[in-house]
Amino acid sequence: MDALAAIDLDSVAAVQRYRIVDRLEIARRRQIAISGEHTARLEHVPGCPPVPITLADVLRISRAEARRRLRDADQLKQRTTLTGEPLAPLLPETAKAWHDGLLDGEHLQVIQRFLRDLPDHVPPVEIEKAEKSLAEHAVTLRPDQLAKVAHQLSLLLNPDGTFSDEDRARRRGFLWCGGQRPDGMSVGKLIADPQLRAMLDAWFAKFAAPGVCNPADQSPSLAPTPDEAERDLRSHGQRQHDALTALVRGQLGDPKLGQHNGLPVTVIVSATLHDIQARTGQAVTASGTLVPIPDVIRMATHAYHYLALFDGVTGRALWLGRTKRVASADQRIVLHAKDRGCTRPGCDAPGYRTEIHHIDEWAAGGHTNVDTLTMACPPDHKLLDQGWKTRKLPDGTTEWIPPPHLPITGGVNDFHHPDRLLDRDDTAPSDGAGGEAA
Ligand SMILES: [Zn+2]
């Protein structure tokens with residue numbers, strides 16, 4: 001690598017520079033293939049989280065990327081039968097080109113997507129042929145060109161576009177595309193099965209009609225007058241958005257939904273009392289979503305308890321429930337405000353996805369008060385049975401201490417507290433000063 005970095009490009013002819021970059025690319029792809037072979041052999045180490053999470057933490061890559069690398073490695077690795085006979089990889093021809101350093105990750109994605117989207121009725125022998133053909137084309141084509149070949153192949157294999165219930169079921173999904181954008185908005189991708197689409201259409205027919213659920217109206221109407229419908233300037237997309245808001249808002253907080261981790265199924269928001277009084281700034285929900293304070297106040301006006309205030313200084317009423325093994329609802333709300341999510345360093349699991357951990361083990365006579373509680377996501381919670389220790393630091397944060405010799409470091413999790421990323425020496429009021437709201 002050092003020799004390559006030291007090449008004096010001024011002495012290299014223009015055409016040679018392309019050759020150098022090409023050779024580097026092949027070398028890089030081969031490295032990735034070798035790394036994949038090793039990745040496929042990773043095993044769970046006691047005291048570490050499950051393999052995908054450990055891999056993400058050790059390499060400092062996202063969990064989605066870690067899962068993708070594990071899946072790729074699994075499809076491209078040499079396999080053996082139970083009796084030790086060598087067995088071709090799941091994607092045999094693709095794997096050959098991959099290990100020769102001839103394919104980019106984008107080529108691989110095109111082939112994986114093609115195979116994933118094939119309907120069940122295509123016979124295995126046709127699938128094998130298609131994989132071989134795509135792998136051969138991938139060696140000479142760019143990924144975008146390969147995608148066109150893949151599209152033509154899928155039309156050839158499924159000319160009538162026949163898909164079974166299972167094919168459709170495999171594809172359904174709803175995902176947020178990444179985090180919130182800087183303006184606070186989020187983009188999601190919904191792949192609805194016919195049933196969901198039919199139901200949503202029925203809902204939209206009524207609640208996305210002009211004049212219905214219009215936030216611009218003083219009191220949004222369910223049976224708008226012609227005048228209200230006339231005044232509605234929202235686009236079709238905006239009306240459907242507002243109809244979804246109404247659908248979910250009508251459900252959240254309803255006692256018949258039961259509880260989630262000991263709290264009603266509703267939006268839990270933490271913010272400082274100062275921001276609420278000043279009607280500025282941002283609150284953070286237990287899913288890690290930032291919500292502008294005016295929106296929080298608007299949400300709170302729609303019945304159900306979205307917002308509960310408590311005294312962040314004295315912590316009064318939070319010392320109840322000592323005799324109960326289950327942390328009381330009050331304490332959970334306080335923890336949502338204090339910890340906001342899993343407290344293991346680097347973990348991004350938001351509050352909704354956490355369990356309550358008792359720092360003084362209950363069995364050893366610990367008390368259930370909020371100073372001895374912290375939030376941990378289920379995989380990290382399990383680490384505490386595998387040699388990990390936690391302790392509260394004087395500033396109320398939780399330090400995680402791994403057993404020795406693990407590839408993972410301990411410490412405090414600042415992920416859910418962007419405010420801590422700034423200089424800690426400034427004189428801004430710390431947690432508790434002036435009270436908090438959750
Ligand atoms: Zn966690």
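Please refer to the structure placed before this passage.
Residues numbered from 1 in each chain as written. Predicted model: local features only at pLDDT ≥ 70, side-chain atom pairs only at ≥ 80, totals over all residues. Heavy atoms only, no water.

Draft legend 1. Focus on empty space enclosed by the protein. Going through the model one piece at a time under the given rule, you end up with one cavity of 30 Å³ or more. The calculated volume of the largest cavity comes to roughly 30 Å³. Lining the largest cavity we find Ala33, Gly36, Glu37, Ala73, Leu76, Lys77, Trp98 and His99. When contributions to the lining of the largest cavity are tallied by element, the ones reaching two or more residues are helix 2 (14-40), helix 4 (63-76) and helix 5 (92-99). A per-element tally of the lining of the largest cavity places helix 2 first, with three residues. (1 Å grid on protein atoms, 1.4 Å probe; cavity = no way out; pocket = protein on both sides within 12 Å on 5 of 7 lines; lining within 4 Å. Points joined across faces, edges and corners; volume = space filled by probe spheres on them. Helix = DSSP H or I, 4+ residues; strand = E, 2+ residues; numbered from the N terminus.)

Draft legend 2. Layout of unusual backbone geometry. One non-glycine residue, arginine 60, adopts positive backbone phi at about 55°. Mapped onto the secondary structure, arginine 60 falls in the loop between helix 3 (51-59) and helix 4. Take arginine 60: its relative accessible area is 74%, and that puts it in the exposed class. Positive phi, normally seen in glycine, also occurs at histidine 405, with a value near 75°. By the secondary structure assignment, histidine 405 is in the loop between strand 14 (398-401) and strand 15 (436-437). With relative accessibility at 79%, the residue histidine 405 sits in the exposed group. (Buried < 20%, exposed > 50% of the residue type's maximum accessible area, 1.4 Å probe, protein only.)

Draft legend 3. Expanded view of the nonpolar core. By size, the foremost hydrophobic cluster in this structure holds 21 residues, and its most contacted members are Leu76, Trp98, Phe114, Leu134, Leu146 and Leu157. Dropping the residues within four chain positions of it, leucine 76 is found in contact with Glu37, Pro89, Leu91, Thr94, Ala95, Trp98, His99 and Leu108. Core analysis: the next-biggest nonpolar cluster, separate from the first, contains 10 residues, Ala271, Val291, Ile293 and Val296 among them. (Core = buried A, V, L, I, M, F, W, Y, C linked by side-chain atoms within 4.5 Å. Contact = heavy atoms within 4.5 Å.)

Draft legend 4. A look at a nonpolar patch on the surface. Nonpolar side chains collect at one region of the surface, where Met1, Leu4, Ile7, Leu9 and Leu24 lie side by side and expose about 470 Å² of accessible area between them. The topology assignment puts leucine 4 in helix 1 (residues 2-5). (Patch = residues over 30% accessible without salt bridge, like charges linked within 9 Å, V, L, I, M, F, W, Y side chains within 5 Å. Areas by Shrake-Rupley, 256 points an atom, 1.4 Å probe, with all protein chains shown as cover. Salt bridge = Lys/Arg side-chain N within 4 Å of Asp/Glu carboxyl O.)

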